[in-house]
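# Coordinate analysis (summary)
Here's the letter readout for the chains.
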Amino acid sequence: PYGDLDVMVSARRLRSADVPAMLEELSAALRKARTPSTVLLLPHARVPLLKWTDAPSGVKLDLCVNRPRGLRASAAMAQAAATHAELVQLGLALK
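### Focus on the pairing of strand E3 (residues 49-54)
As a general feature of sheets, a regular strand has side chains that alternate between the two faces. With 5 of 6 residues buried, E3 is to be regarded as a mostly interior element. Pairing analysis gives 6 bridges linking strand E2 (residues 36-42) to E3, with the strands arranged antiparallel. Bridge pairing in E3 links Leu 40 to Lys 51. Counted along the chain from E2 to the antiparallel partner E3, the turn is 6 residues long. Judged from the 4 bridges that link them, E3 and strand E4 (residues 60-65) form a sheet pairing that is antiparallel. Paired with Lys 51 across the strands is Asp 62, a residue of E4. A loop of 5 residues connects E3 with E4, the two strands running antiparallel in sequence, and Gly 58 in this loop sits at a positive phi of about 80 degrees.

The rules we used
- Residues numbered from 1 in each chain as written.
- Predicted model: local features only at pLDDT ≥ 70, side-chain atom pairs only at ≥ 80, totals over all residues.
- Heavy atoms only, no water.
- Buried < 20%, exposed > 50% of the residue type's maximum accessible area, 1.4 Å probe, protein only.
- Helix = DSSP H or I, 4+ residues; strand = E, 2+ residues; numbered from the N terminus.
- Pairing = 2+ DSSP bridges.

From the geometry alone we can't say anything about function, so treat these as descriptive.
Structure follows, in C-alpha cells:
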C-alpha cells in the first residue's frame, strides 16, 4: 500500500532536452483519459518524472525516460539483498 511502480522508458532517439515535452504530452493524455486519480508532472526535476495514481487499482506509478541507472541500482540492491537480508529494510527506508 505504500510502494509505487517505477517505470523507465527507453527512447534512444529522444534527446534529453525533449524529455520534458514528452512527459507533458503523456501527462495531458493521461488527464484526458481520466484513468488516473492524480497526475503530477515534474519536468524540470533532476530526473524528470511523471507520477500518477491509477484510479481503479490505486497503484502509484513513477515514469522516467532514458534513466537506466535506476535499473542498475535496483538490480544491485536485489543482488545485495539476496545475500544480506538485513539490507531489504535499509533499502525500503532509503527509497
